[in-house]
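These are the residues of each chain, in order.
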Amino acid sequence: MIARILLIITLVPASAFSQVPAERIAAAEKEPSNWLTYSGNYQSHRYSSLSQITRENVGRLKPAWIYQVRRTGIVETSPIVADGVMYITEPPSTVTALDVRTGRPLWTYSPVIPPDVIIIGSPPVNRGVAMLDQSVFVGTVHGHLIALDAKSGAVRWDVAVDENKRGYYMTAAPLALNGKILIGVSGAEAGIRGFLDAYDAATGKRLWRSYTVPAPGEPGSETWGGDSWKTGGGSAWLTGSYDPALNLVYWGTGNPGPDWNGDARPGDNLYTCSLIAVNATDGKIKWHFQFTPHDVHDWDSNEIPVLFDAAIDGRPRKLVAMANRNAFYYVLDRETGEFLTATPYAKQTWADGLDAKGRPHLRPGMEPSVEGTLVFPNIQGASNWPSPSYSPQTKLFYQAAREMGTYYLKGEAKYKAGEAFTGGGGRAINGDDAWGAVRALEATSGKMKWEFKLLTPPMMGLLSTAGGLVFGGTEEGNFFALDADTGQPLWDLQLGAAIKANPISFGVDGKQYVAIAAGYSLYVFGLP
Amino acid sequence: MKRIRLARVAVLFVGLSAAAPVPARAQDAAEVEQGKKLFQGMCARCHGIDGTGDEGPNLNRPTLTRAGDDDSLRAVIRDGIPDRGMPRVRRLTDNELNQLVAYVRSLGRTTSVATSGNAGRGRELYARLGCASCHIITGAGGSFGPELSAIGANRGAAYLRQSFLGPAEALPRGSSPVPGRGFTEYLPVRIVTKDGREIRGVRINEDPFTMQVRDLGNTFHSVRKSDVKAIEKEFGRSAMPSFRGRLSDAESDDLVAFLSSLRSGM
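Residues numbered from 1 in each chain as written. Chains lettered and ligands numbered in written order. Predicted model: local features only at pLDDT ≥ 70, side-chain atom pairs only at ≥ 80, totals over all residues.

Turning our eyes to something else, we now look at the overall build of chain B. Looking only at helices and strands, one finds nine helices and five strands in chain B. Counting only residues that meet the buried cut, chain B has 32% of its 266 residues in that class. Contacts in chain B between residues at least 24 apart in sequence constitute 58% of all its contacts with a sequence separation of at least 6. (Helix = DSSP H or I, 4+ residues; strand = E, 2+ residues; numbered from the N terminus. Buried ≥ 20, exposed ≤ 12 C-beta atoms within 10 Å, placed from the backbone. Contact = placed C-beta atoms within 7 Å.)

As structure tokens, this is what we get:
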């Protein structure tokens with residue numbers, strides 16, 4: 001009896017104790033067997049320091065288990081792994097917990113999505129959960145942020161971030177900081193006014209909202225004509241990065257609305273197509289850098305901002321890099337937002353270089369037209385939501401680049417709440433006229449060290465590992481490993497359907513595994 | 001819909017004249033003209049300038065197979081027919097949809113460019129030229145080239161003519177689910193194996209690591225790219241012989257008329 005009481009006493013504090021406090025996420029490199037946040041660490045490196053799978057043995061990689069999703073749809077999930085459990089999302093906004101050893105489900109939760117849900121701008125997908133303390137968090141296609149008990153999947157709280165009827169929805173994995181959950185919205189194709197929100201992780205109470213489009217009178221509002229700011233877009237639809245020492249969150253913002261017809265929104269349209277550095281405590285924008293002023297090609301700048309430190313011209317700098325959808329690779333000072341360098345990493349025909357502050361010199365005649373204007377990169381960009389990877393070992397930034405053009409079409413844009421507000425579109429050049437490549441860029445300069453060519457512009461992310469490998473996939477369904485130093489292919493396997501997801505790595509029982517979604521399945525690979 | 005039309009009439013009314021009502025015909029003409037511009041940007045690449053057909057079917061017919069009425073035409077333009085290779089090119093406003101529908105319907109009212117050829121004579125020509133050695137029509141024929149049972153419903157007359165006069169410039173793209181996504185179908189390839197053997201044929205499918213090929217004898221080969229010495233994709237060529245210079249204009253017309261008459265997939 002006494003022994004049992006003692007046991008209960010020791011168990012109770014353990015279960016009440018925070019399972020994944022923010023300190024664990026901030027020190028993610030200390031526990032590479034887990035994958036605690038969307039991009040692996042707050043710096044968004046998507047790098048694993050596990051080194052059991054190497055150049056020498058990767059050829060023997062075998063499936064350990066395969067999980068098939070319950071409902072067909074595009075599976076873009078990037079799993080979270082914590083303490084023997086993997087948390088994935090399934091289309092459209094379902095969360096499932098799996099036993100990492102076997103792939104057997106432990107629980108699954110599907111929010112009730114109204115049949116008239118409005119999802120304009122992407123397929124009904126989800127890219128992953130965030131984990132903090134005892135909960136996992138998911139943003140849904142009907143615009144809710146939901147906290148689930150990590151052990152059972154029971155709902156802790158469920159808040160509407162904004163009105164889905166006006167086109168607000170979510171597909172991104174939230175970002176968990178100390179005590180708060182950050183999430184940005186999708187919906188620029190429906191003419192929303194974008195924002196990044198922070199919620200109290202315990203209660204779901206909103207702590208702050210940082211609009212990506214300023215209201216009249218606020219700094220940047222002079223970059224919008226008339227009332228165009230009200231429908232100005234600037235979605236914050238992917239997951240940002242965090243520097244705990246600077247207390248700054250780095251978040252990319254999307255295209256202005258309407259996408260391809262900029263007539264009614266004269267000006268630069270801040271802070272669309274930008275990187276914003278936001279104070280994590282109060283949500284104030286400390287600095288911004290706009291990659292594509294007055295965008296008319298739908299070149300969102302939501303791509304993953306990658307944080308690293310390096311010397312530039314002999315001076316140690318805190319840096320943030322982004323391989324932007326507009327085909328330039330940018331390096332900025334992440335304390336100040338100062339532009340340091342940019343170089344194209346894929347074919348582009350819209351800019352004749354950049355000025356000293358990183359503002360593009362526009363090439364004339366590249367705007368969308370009724371007849372169609374051929375411009376590179378294509379409408380989905382030289383990059384898109386799939387993640388790059390940065391290896392602290394090689395100091396290389398790995399990016400899956402899309403080599404493709406689009407005939408950009410200009411159309412009418414009339415705003416009506418909850419309807420498409422795009423003003424055009426495009427006719428893509430595809431098939432044998434388009435291609436892609438995994439490229440290794442020197443992180444500080446963007447200079448290409450090697451490339452591995454792909455048949456088709458990829459819509460998949462990369463993982464680099466301390467085993468000297470880069471993992472990636474193809475539209476045709478190949479999952480492969482490259483030598484991180486040379487780009488030489490070392491292993492590949494056909495998974496049966498297009499890969500449109502980001503790989504991760506984790507460990508259990510002393511073995512390293514790599515996970516990737518393809519088609520309607522999640523695959524986990526390890527050495528035999 | 002009705003409200004939008006009325007609103008536009010009102011705008012035109014104010015814009016043009018304060019006195020006389022705008023005749024409906026003028027409004028229709030403006031709508032058709034605007035629809036034509038949209039069509040040229042979005043649709044002409046496959047359906048041909050003025051909808052005379054190309055890689056996609058001609059639309060200058062009074063009755064469209066998949067768009068019997070304006071609502072179904074609107075749906076086809078709005079959503080595409082993805083499983084038949086027609087994409088949703090872009091999102092359109094109701095106004096733009098109306099303009100496109102007005103233009104496509106106007107094509108059906110113009111004189112249809114009916115081929116002047118004789119389909120019966122074309123059928124005989126098809127047999128005499130030995131086309132059936134590589135093409136299947138309603139179950140009969142060889143399978144090296146594309147099946148033609150419904151080719152008249154899927155291709156315009158000019159494209160059909162091009163396909164036998166200059167097949168290398170008319171290889172289909174993205175009309176079949178394999179390889180799909182706009183890839184050239186029946187692309188000639190030349191492969192040299194490490195032991196010096198040469199395989200000539202057409203690509204069936206491909207990924208960065210492998211290629212699936214049928215050789216000229218219609219035998220299947222699976223190739224791992226790292227295992228062969230060379231792979232050459234022969235863009236600008238076709239495995240089908242060109243009949244340019246071998247047919248009179250009248251014979252070409254007859255063959256086009258026959259191919260255009262093939263509209264019954266099994």
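So, about unusual backbone geometry. All names here are of chain A. Following Pro 91, the chain continues into Pro 92 via a peptide bond in cis, with omega recorded as 0°. Within the secondary structure, Pro 92 is located in the loop between strand 4 (85-90) and strand 5 (94-99). The amide bond that connects Gly 257 to the next residue, Pro 258, takes the cis arrangement and shows omega of -5°. The backbone phi angle of His 294 is positive, close to 45°, even though this residue is not glycine. Following the sequence through the fold, His 294 ends up in the loop between strand 18 (285-290) and strand 19 (306-312). Although it is not a glycine, Asp 509 adopts a positive phi angle of roughly 55°.

To continue, consider the sheet that holds strand 1 (residues 188-193) of chain B. Each strand in a sheet pairs with another by means of backbone hydrogen bonds, the pair being arranged parallel or else antiparallel. All names here are of chain B. Ordered by their spatial adjacency, five strands build an open sheet running 4-3-2-1-5, and the pairing between neighbours is antiparallel. Of all strands in the sheet, those bounded by a partner on one side alone are strand 4 (220-224) and strand 5 (228-233). Between one strand axis and the next, the sheet turns by 40° as a mean value, whatever way the strands run. As judged from the five bridges shared by strand 3 (residues 210-215) and strand 4, these two strands associate in the antiparallel manner. Bridged to Thr 210 within strand 4 is Arg 224. (Pairing = 2+ DSSP bridges. Axes fitted to C-alpha atoms, helices over the stretch in contact; angles between N-to-C directions.)

Attention now goes to the interface of chain A and chain B. The interface of chain A with chain B comprises 24 residues on the first partner and 23 residues on the second. Among the secondary structure elements, those contributing two or more residues to the side of chain A that touches chain B are strand 29 (424-428) and strand 31 (448-454) of chain A. Per-element accounting of the side of chain A that touches chain B gives the leading share, four residues, to strand 29 of chain A. In terms of residue class, the side of chain A that touches chain B is built from five nonpolar, eleven polar and eight charged. (Nonpolar A, V, L, I, M, F, W, Y, C, P; charged D, E, K, R; others polar.)

Quick look at the environment of Val 320 of chain A now. All names here are of chain A. Of note, Val 320 is situated in strand 20 (residues 315-323). By the C-beta count within 10 Å, which is 25 here, Val 320 ends up buried. Residues Val 320 and Asp 309 lie eleven residues apart in sequence; the distance between their C-alpha atoms is 8.3 Å. In this structure Val 320 touches Tyr 250, Leu 275, Pro 305, Val 306, Leu 307, Leu 332 and Arg 334, once residues within four positions along its chain are discounted.

Before going further, it helps to spend a moment on the pairing of strand 12 (residues 180-184) of chain A. All names here are of chain A. The buried fraction of strand 12 amounts to five of the five residues, a majority that puts the element mostly inside the structure. Where strand 11 (residues 175-177) hands over to strand 12, the hairpin turn is made up of two residues, of which Gly 179 adopts a positive phi near 80°. As paired elements, strand 12 and strand 13 (residues 195-200) share five bridges and run antiparallel to each other. The partner of Ile 183 across the bridge, within strand 13, is Asp 197.

With that settled, consider the environment of Trp 157 of chain A. All names here are of chain A. Along the polypeptide, Trp 157 turns up in strand 10 (residues 155-160). In this structure Trp 157 comes out as partly exposed when scored by C-beta crowding, with 17 C-beta atoms within 10 Å. Separated by 301 residues in the primary sequence, Trp 157 and Pro 458 have C-alpha atoms spaced 37 Å apart. In contact with Trp 157, other than residues within four places in its own chain, are Ala 147, Thr 203 and Gly 204.

Here we come to the pairing of strand 28 (residues 406-410) of chain A. All names here are of chain A. Most of strand 28 sits inside the fold, with five of its five residues counted as buried. Burial along strand 28 is two-sided: Thr 406, Tyr 408 and Lys 410 facing one way and Tyr 407 and Leu 409 facing the other are all buried. Of the pairings in the sheet, the one linking strand 25 (residues 373-375) to strand 28 comprises three bridges and is antiparallel in character. Across the sheet, Val 375 pairs through a bridge with Thr 406, a residue of strand 28. Both strand 28 and strand 29 contribute to a ladder of five bridges, which runs antiparallel. When the sheet's bridge partners are listed, Thr 406 is paired in strand 29 with Ala 428.

Here we take up the sheet that holds strand 29 of chain A. All names here are of chain A. The sheet built from three strands is open, its strands ordered 25-28-29 with antiparallel pairing. Each edge of the sheet is formed by a strand with only one pairing partner; in this case those strands are strand 25 and strand 29. Ignoring which end each strand starts from, the neighbouring axes of this sheet average 35° apart.

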